[in-house]
Amino acid sequence: MTSDLAEIAAVSARPWHSLDDTEVEDRLATHPGGLCREEVRARLARYGPNELMDDAGPSGLATLLDQVRSPLVVILVVAGVVTALLGEYADAVVIAVVVVLNTTVGFVQERQAERSVRALLLLVSPRARVVRDHADWEVESRELVPGDVVLLESGARVPADLRLTTTTALQVDESALTGESLPVVKGTAPLPVATGLADRTNLAYAGTTVTSGRGRGYVVGTGRQTELGTIAREVSEVQQTATPLQQRMERLARVIGVVVVGCALLAFALGMIGGRAASEMFLIAVALAVSAVPEGLPVAFTITLAAGVRRMARRRAIVRRLPSVETLGSTTVIGSDKTGTLTENVMTVRQVWTADGVTHLTGIWDGRTVDCAPVMGPNGHDRTEPRQLTLLTGILTNEAEVVQTADGIRTQGDPTEAALLIAASRLGLDPDEEREAYRMVAEVPFEPERQFSASVRQRDGTRLLLVKGAPERVLAMCDAMLTGHGPVRLDHDAVQLAAHDMASEGLRVLAMAHRVLPPTPVELDGLEEPSGLTLLGLQGMADPPREGARDAIAACRDAGMRVVMITGDHAATARAIGNELGIAEDDAAVATGVEVEAMDDAELHRRVGEVDVYARTAPEHKLRIVRAMQANGDVVAVTGDGVNDAPALKAADIGIAMGKRGTDAAKESADMVLADDNFVSIAAAVEEGRVTFDNIRKVVAFVLGTNAAEVLTIVIALALDWPLPLIAAQILWLNLVTDSLQVMALAFEPGEPDVMARSPRGRSAGILSRVMWERVGITSLVITVGTLFLFRWELDQTGSEGIAQTAALTTMVLFQMFQALNVRSPSRSLFRMHLFANPLLLVAIIASIAIHVIALYLPWTQYLLRVEPLDLAVWVRATLVASTVVAAAEVHKLLRRDGEFAS
Ligand code: ATP
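Computed from a predicted structure; not experimentally measured.

### Considerations on the site of the ligand
Near the ligand, the surroundings consist of 21 residues, among which Lys338, Thr339, Arg508, Asp569 and Arg616 are the closest. One of the side-chain nitrogen or oxygen atoms of Lys468 is found 3.0 Å away from a nitrogen atom of the ligand. Protein chains shield 91% of the accessible area of the ligand, which is 630 Å² for the free molecule. Of all elements in the fold, only α14 (415-426), β16 (462-469) and β19 (508-517) reach the threshold of two or more residues within the shell around the ligand. Across the shell around the ligand, the residue classes break down as 6 nonpolar, 7 polar and 8 charged.

What follows is the structure in structure tokens.
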């Protein structure tokens, strides 16, 4: 008893890397079948979630300070204090209310936008494969607890600190932790206690990435208890960068702020020299300042972007970096993977070829059920026959699982491999039985770079080396092929012709080969490059194009974008699928990875403009292709899923990772993640990107137009030596109360019908196009003249400054309403648009007019805003005057139609 306790104490004092499997299991109270659900729950409660820090985002206070620091608020606060000192308490109160209101609206909007972006990111939060209750599960990494059994494969981010118990050629990139850029080979053997952190090869650390191979291990540390946690470095921080446009807007706002203050000071000085009272001049200066600052813009920007991000998410594209929303609209080339993105990645073996003949299998596997009746080919069921050995090799070099459930067949793992299992069952083999009969000795799992997988199996004292993979790759390892009468010399041409024929039908072709090994220990090194094999046969599998992919590709073409396919598959297969999808015509230009490699940069630059399909490419080719396209001035979006795709995803203007199939490494390098891996979602995201950019333009046109009109109105009135048509409080009212509702509503404008019919926006296209600047100028002039006209008219008629100012204010409110309708489309007539297409805008317009009417009649707003109730006749006159801005915009739309919107 004592010795037992002493032993336990000794074990628990030793570091994880020095313990053997059983000691690790004892100390963690776990076993290879994993923890049970109750135990996981209990441990989660005890150890907390597997997170480095609580990821609540920037604090409320930080966001609030951000709001308060804006130039606008600073100007307003100074103005408010001085106004109060001058004894103008009503104005001071209005300014104070406006500051509070503006800050609150900005704060709430910002928080909401942050929260929704964060919620979206959670959708792509890292997941881990675990064994619990003797079954294989995928769970969120944050739910891992010490004692969990975690499975690793290439591309996975190690979710917690693991003590490895099984590894197959496992290599891990630990640069995030140690700075060492070369991958570290991992093993399982216990190490001396004194081994340093970087040499503990039987541990896999949280935050590092598996570059190749497979592994399995027990979680020994989670969250802050991990090595990464102890150095407390955040690895995958949420991207919060401002978009280029946003930065440009913020700079513009700052410049406007400075200019405005300068002008206001100048006006103040001039007024003083001209003999006006200091207090009056100060209020004029304040009025000028607040009229010129486009207060609504920053908030409008946030809202419009957030609305766009949300719309994209609804269409299965999750934006990880906000600038991509803008870049999407400028994309000129989309480089897409084939398998799983353009096709379903649901594979069905259609043909099994051997030197003796071909077996055709009918029926399409739909991911759940398939006609499982054995299909008879030219051969019988003797397992020495080439066909049966081809199928057997498909089973034994395979990591997938096929499980029969109540509602059909469920597959787990790589669909290519699952297809081989199903084909073998249909042709009379039982995968489970065979896997049991042929004991696994060693294996080399499939990696895209390698293009084959191999395993060594033993049965009744015979050891077999089995290989399956891309035909060119496997053929190069063979020197014989099997026929019904035994092995013969390899007929290279015949096999290649057969493979080519299958590929031309769009089938993915795998070759199977084997060799009998001497009963000596297996050298794993030899497995990396096998030779002297005998070819057994080929299997060709179909992978149907995704529904809607063809239409989406056509839509991208109409939108002025090229779609090219970049795939690891064979050239003939890729071309056939490309033709089917309309990516390429019959004589499509196809380039293989080998050809890309042979080209120098100059030639590649020339060729990327013509090639539609890249086949048998490796990730480094993808990177070169992306770079070459960019050098030609293209804005490139590219998809990727593997760990080695990360550099290409980073280099591209828009890196797109697959949400389901993609590895953690790919997702973390991407700008956007597709929740459904589907190409159709890319086209949808481009469309939404364009709509969002259009809406930003609409909002900017609206805000700038109405603000410019306010400045002009004040400046011209001063120049004419008129009384002020609008006082500071009224201008603030206009900018921050009545028009802010419309700004928010404009963020939700549905897309223009031609959004996917025009060419991509130039990369350097400004916020507004030339035509839009013209229209902003013209309409703000109309608003200015109209407001001044009515002000003068009412002043002359009634002699009351109060009534004239109220009339001017009301005219402005109505002008804003019409202007909001004008900017809904930059080219289409207002009368051709569906009034209810954006119900929010209607609500906003009605609400802002209602608020204004109420303000005219409530005593305290009357006092604060210095407004008076108006006669019906004044309302009619104001409405008539305000409607002229629609006429002006319509005439301009007629004269300067279309085409230039995109420029
Ligand atoms: P992409 O997704 O880029 O369109 P892909 O997924 O079709 O490419 P890879 O997975 O890189 O291509 O596969 C490349 C080649 O490797 C295939 O054409 C096939 O010949 C072979 N291959 C694919 N999967 C396996 C596998 N599980 N085992 C052995 N060989 C495979």
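### Here we look at the confidence of the model for the protein chain
Of the residues in the protein chain, 89% have a pLDDT of 70 or more, and the chain-wide mean is 84. Low pLDDT (under 50) marks residues 377-383, which in the prediction has 21 contacts with non-local residues, meaning those over four places away or in another chain. Contacts from residues 899-903, a stretch scored under 50 in pLDDT, to residues over four places away or in other chains number 17 contacts.

### Regarding the pattern of salt bridges
Applying the stated criterion across every chain yields a total of 38 salt bridges. A salt bridge links Lys622 to Asp337, with the shortest nitrogen-to-oxygen separation between them at 3.0 Å. You can see Lys622 sitting in helix α23 (residues 619-631) and its partner Asp337 sitting in the loop between β9 (333-336) and β10 (348-354), a full 285 residues away along the chain. Comparing Lys622 with Asp337, the two get one shared label, buried. With its nearest N and O atoms 2.9 Å apart, the salt bridge here joins Glu610 to Arg607. Overall, Glu610 belongs to the partly exposed group, its relative accessible area being 38%. Within this structure, Lys338, Glu472, Arg508, Asp569 and Arg616 form a network of salt bridges that share partners.

### What to know about helix α26 (residues 679-719)
Helical geometry note: an α-helix holds 3.6 residues per turn, so side chains three or four residues apart project in the same direction. Taking 1.5 Å as the rise per residue, α26 with 41 residues should run 60 Å; its terminal C-alpha atoms sit 60 Å apart, in good agreement. Counting buried residues in α26 gives 32 out of 41 residues, a clear majority hidden from the surface. N-cap assignment for α26: the residue whose side-chain oxygen lies 3.0 Å from the backbone N of Val680 is Asn678. Positive phi appears at Asp721, one or two residues downstream of α26, with a value of about 60°.

The rules behind these values
- Residues numbered from 1 in each chain as written.
- Predicted model: local features only at pLDDT ≥ 70, side-chain atom pairs only at ≥ 80, totals over all residues.
- Heavy atoms only, no water.
- Near = heavy atom within 4 Å.
- Polar contact = N/O pair within 3.5 Å; in protein donor to acceptor, adjacent residues only side chain to side chain.
- Areas by Shrake-Rupley, 256 points an atom, 1.4 Å probe, with all protein chains shown as cover.
- Helix = DSSP H or I, 4+ residues; strand = E, 2+ residues; numbered from the N terminus.
- Nonpolar A, V, L, I, M, F, W, Y, C, P; charged D, E, K, R; others polar.
- pLDDT = per-residue confidence, 0-100.
- Contact = heavy atoms within 4.5 Å.
- Salt bridge = Lys/Arg side-chain N within 4 Å of Asp/Glu carboxyl O.
- Buried < 20%, exposed > 50% of the residue type's maximum accessible area, 1.4 Å probe, protein only.
- Expected span 1.5 Å × (residues − 1).

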